[in-house]
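Observations on chain architecture
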Amino acid sequence: MNRPRFDPSRMAPQAPLPDASLFGAPSTNSPPPAAATSPEPAANPAASTPPASPSTPPPITVAQLSALIDATLRDHLPQSVRVVGEVSNFTLRTHWYFSLKEGQVGGAVINCVMFAGRTRSVGFQPAEGQQVVVTGRVEYYKPQGKVSFYVEKIEPVGAGVLELALRQLIAELKAQGYLDPDRKRPLPSFPRRVAIITSRSGAALQDVLNTMKRRCPAVQPLLIDVLVQGKQAAPDVARAITWAGLNHERLNIDALLVTRGGGSIEDLWAFNERIVAEAIYRCPIPVVAAIGHETDTTVAELVADERCATPTQAAMRLTPDREELAEQLSQLSARLSTAAKRRTRQESESLASDRRHLLPILRARLDADARKLAVIVTRLERCKPTAILHQRSMELQALRGRAELALRSALNQLDLDVASRSLSEVFARALAAKRDDLTIARRQLELVGPNSVLSRGYSMTVDQLGQVVRRVSDVRPGQQITTRVADGSFASVVGESANLPPAKLKVAGTVGPPPSPTPETAPYSASAAPVQDSEISPPSNSVPRPIAQANPTRKKSSRSASNTPQQSFTPGPDDLEGQLGLF
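Within any chain, residue numbers begin from 1 and follow the written order of that chain's sequence. The model is predicted, so local features are restricted to residues of pLDDT at least 70 and side-chain atom pairs to those at 80 or more, both for listing and for counting; the totals for chains, interfaces and linings are taken over all residues. Hydrogens and water molecules were not included; the side-chain quantities draw on all heavy atoms of the structure.

Some thoughts on the overall build of the protein
Each helix corresponds to a stretch of at least 4 residues labelled H or I by DSSP, and each strand to a stretch of at least 2 residues labelled E; elements are numbered beginning at the N terminus. Looking only at helices and strands, the protein has 14 helices and 13 strands in total. Of all 583 residues assigned to the protein, the portion counted as buried reaches 29%. Any two residues whose heavy atoms approach within 4.5 Å at even a single point are treated as in contact. At a minimum sequence separation of 6, the contacts of the protein that also span at least 24 residues come to 69%. Three exposure classes are used, based on accessible area relative to the maximum for each residue type with a 1.4 Å probe and protein chains only: buried under 20%, partly exposed in between, and exposed over 50%.

What follows is the structure in structure tokens.
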């Protein structure tokens, strides 16, 4: 159960009435008080004064009256007087100047002064209309003729200085948004670890640990031992809150619990400091505060994300109840089972309906696919090599039959005797043409053969290695050489080289059988000078044109070699060398 929000009005009890003996009883030995009225002084001191009667006191000066008032105040008032009243006309300068008056209309008013040296120890600033109790002395200020109350101590009526300072801090934090409800963060439903910021020796720690263990042992408590009372308590608590916020991810801390047991306002004052409020405000994880008893209210509780009346209630608020979780789990299991059964039934009905609708469609689809498959199989059978071969064989048999019929028909219409005579004539003409061609080719071969060249008086000389001797420089004196002529060969030895210029011999002949050698054209003897290349050109390559192919339609005229016209030529050394190279 959450406590009601903090109400500052309930922290201001009625002001106590002043003591009847506050100013003390007048002294019996003191002289009687001065007359209420004093005679008016003469306008001119030099003027004559009326004679004094025995019942009228003599006039006194202003200085004498001031001294009398001052002496009366000192003698008949105590050195320290406590006065209760409302603050009015408060002026904040180097010193505090204000009036202290009664609460009712038309009440008495006393001028008060509090010097700066005294204001530093007050701890709060008086507000207009605030009821306070001031302690000080009454003095008469002669230069101004004023009676003033010089305040040495001031305190608010009721809770005192601490409660007033608490109110002022709460108002300031509220203006800065520290107490804004929209800023409060929700607490985690299933925290992994809760950091407990309190004193290790406090009773509140045991209450929190026992409650957390009883409700949900799975939540791990993390104790951060701090001071919870004294001047160093507030910085210690603020430092612990800041450290836990900075390391919450590393330590798996999901929430903070700031707590301590009950006590007076002075004992709980560490949790009313601004430094603690700022640390809670800047903490990145939710903070739960449970300070003192249910009637106690601190700034830490107001700034925290959740305020609890007692440490036990804070532990219950942060820790889920395992019995409630078990009951919730049982309820969720039942709901899940019911939902699963209902969903299974719906899906079964839907599946049955789909089956009824899909079976005809699937059957029609299967029938269509079966027909397509049959067509494809038929086309595939037609495309097989065996089927194609069979088809081609049948076509070939048909063509063969047609060809036989056509051949028989053509043979029946043909005259065999005429065809036989025509064929014989064609063969005879072709055979005669081939004989003529063969004769011409044989003659051309004889003309260009090496024996024909040698028979015309040429010779070929080779050395011992069988290399053809082409120049004089190819042999040396004393070297054995072999010379080949038309009817054989003979050996000889090279003598001294004559270095004769090559003879220029022109030979005229016909294309036909070579003429018989004559002594003029015979080769040089081996004992003579070595054989030299002659500038004799071989016979021209001009040969009779080959006989054309036999034509059965006309008769070809035969030509003999004797009808070939004679051609004269002069063989050159290159031509002779090319022909001799045939050997």
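So, next bit.
Overview of the pattern of salt bridges
The term salt bridge refers to a side-chain nitrogen of Lys or Arg lying within 4 Å of a carboxyl oxygen of Asp or Glu. Under the definition given, this model contains 16 salt bridges. We note a salt bridge from Asp225 to Arg200, for which the minimum N-O separation is 3.8 Å. Of the two residues, Asp225 sits in strand E7 (residues 220-225) while Arg200 sits in the loop between strand E6 (193-198) and helix H4 (203-215), which places them 25 residues apart along the sequence. The closest approach of N and O atoms between Glu306 and Arg317, which form a salt bridge, is 3.6 Å.

Description of a nonpolar patch on the surface
Patch members must show over 30% relative accessible area and no salt bridge, and they are joined within 9 Å when carrying like charges or within 5 Å when they are nonpolar side chains of Val, Leu, Ile, Met, Phe, Trp or Tyr. Here the accessible surface of atoms and residues is derived via Shrake-Rupley with a 1.4 Å probe, and residues count as covered only by protein chains that are part of the display. A contiguous nonpolar surface patch, about 350 Å² in accessible area, is contributed by Ile60, Leu65, Leu68, Ile69 and Val147. Of all the elements, helix H1 (residues 62-76) adds the most residues to the nonpolar patch, at 3 residues. Looking at the secondary structure, you find Ile69 in helix H1.

Considerations on the side chain of Thr483
Relative to the helices and strands, Thr483 resides in strand E12 (residues 480-485). The exposure class assigned to Thr483 is buried, which follows from its relative accessible area of 2%. Polar contacts, as counted here, are pairs of nitrogen or oxygen atoms within 3.5 Å of one another; within protein the pair requires one atom able to donate a hydrogen and one able to accept it, and residues that are adjacent in sequence qualify only if both atoms are side-chain atoms. At 3.3 Å, the side chain of Thr483 and the side chain of Thr461 are in polar contact. Beyond its immediate chain neighbours, meaning those up to four positions away, Thr483 contacts Ser459, Met460, Thr461, Gly488, Ser489, Phe490 and Ser492.

A look at the nonpolar core
What we call a nonpolar core is a set of buried Ala, Val, Leu, Ile, Met, Phe, Trp, Tyr and Cys residues that are connected through their side-chain atoms within 4.5 Å. One finds Ile197, Ile241 and Leu256 to be the most contacted residues of the largest nonpolar core, which totals 40 residues. Mapped by element, the contributors of at least two residues to this core are helix H3 (161-175), E6, helix H5 (233-246), strand E8 (255-260), helix H7 (274-282), strand E9 (287-291) and helix H8 (299-303). Examining the composition of this core, we find that 7 residues originate from one element, H5, more than from any other. Leu100, Phe124, Val132 and Phe149 belong to the second-largest nonpolar core, a separate cluster that totals 17 residues.

Observations regarding the environment of Pro191
Of note, Pro191 is situated in the loop between H3 and E6. Between the alpha carbons of Pro191 and Ile253 there is a distance of 7.8 Å; along the sequence they are 62 residues apart. In this view, Pro191 contacts Val219, Asp254, Leu318 and Pro320; residues no more than four positions away in its chain are not counted.

Some words on the sheet that holds E12
Two strands qualify as a pair provided that DSSP identifies no fewer than 2 bridges between them. What the 3 strands build is an open sheet, ordered E11-E12-E13; its pairing is antiparallel. Pairing within the sheet leaves two strands with one partner each, and these edge strands are strand E11 (460-462) and strand E13 (488-493). Pairwise comparison of adjacent strand axes, ignoring direction, gives a mean angle of 25 degrees for this sheet. When E11 meets E12, the two strands line up antiparallel, connected through 3 bridges. Within the sheet, the bridge partner assigned to Thr461 lies in E12 and is Thr483. Interaxial angles span 0 to 180 degrees and are taken between N-to-C directions of axes, which are lines fitted to C-alpha atoms, for helices over the stretch in contact.

With respect to the sheet that holds strand E1 (residues 81-92)
Pairing within the closed barrel is mixed, and its 5 strands lie in the order E1-E2-E3-E5-E4. Ignoring which end each strand starts from, the neighbouring axes of this sheet average 55 degrees apart. In the sheet, strand E4 (residues 131-141) pairs with strand E5 (residues 146-156) via 10 bridges, with the strands oriented antiparallel. Note on E5: the bridge partner recorded for Val132 is Pro156.

A few points about the packing of aromatic side chains
Aromatic rings from Phe, Tyr and Trp, with only the six-membered ring used for Trp, were paired whenever their centres fell within 6.5 Å, and each pair was classed as stacked if the ring planes differed by under 30 degrees, edge-to-face if by over 60, and tilted otherwise. Taken as a whole and judged by the stated rule, the model has 4 aromatic pairs. Put simply, the rings of Phe90, Trp96 and Phe98 pair up and form one aromatic cluster.

Quick look at the packing of H5 against H7
The relative placement of two packed helices comes down to the angle between their axes together with the axis-to-axis distance. Packing of H5 against H7 leaves a shortest axis separation of 8 Å and a crossing angle of 10 degrees. The orientation of H5 with respect to H7, classified from their angle, is roughly parallel. Judged by residue contacts, Ala234, Pro235, Val237, Ala238, Ile241 and Thr242 of H5 engage Ile275, Val276, Ala279 and Ile280 from H7. A per-class count over the contact of H5 with H7 returns 9 nonpolar, 1 polar and no charged. For classification, angles of less than 35 degrees are called roughly parallel, those exceeding 145 degrees roughly antiparallel, those between 65 and 115 degrees roughly perpendicular, and all remaining angles oblique. Side-chain classes follow a simple rule in which Ala, Val, Leu, Ile, Met, Phe, Trp, Tyr, Cys and Pro form the nonpolar group, Asp, Glu, Lys and Arg form the charged group, and the remainder, Gly included, forms the polar group.

Regarding the side chain of Gln130
Relative to the elements of secondary structure, Gln130 occurs in the loop between helix H2 (116-119) and E4. Take Gln130: its relative accessible area is 15%, and that puts it in the buried class. Setting aside residues no more than four positions away along its own chain, Gln130 makes contact with Gly85, Glu86, Val87, Phe124, Gln125, Pro156 and Leu164.

Brief notes about H1
Counted at 1.5 Å a residue, the expected span for H1 with its 15 residues is 21 Å, and the 21 Å between its end C-alpha atoms agrees. Of the positions making up H1, those classed as buried are Ser66, Asp70 and Leu73. Projected down its long axis, H1 carries its buried residues within an arc of 65 degrees, all on one side. Where H1 is buried, its residues meet E4 and E5. By this rule, a helix spans an expected 1.5 Å times one less than how many residues it contains. The reported arc concerns the directions from the helix axis to the C-beta atoms and nothing else.

What to know about the packing of H4 against helix H9 (residues 311-318)
Close contact between H4 and H9 brings their axes to 8 Å; oriented N to C, the two are set at 30 degrees. One way to sum up the angle between H4 and H9 is to call them roughly parallel. Both H4 and H9 take part in a crossing whose hand is right-handed. In this structure, H4 contributes Ala204, Asp207, Val208, Thr211, Met212 and Arg215 to the contact, and H9 contributes Pro311, Thr312, Ala315 and Met316. What makes a crossing left-handed is the near helix being turned counterclockwise from the far one by less than a right angle; a clockwise turn instead makes it right-handed.

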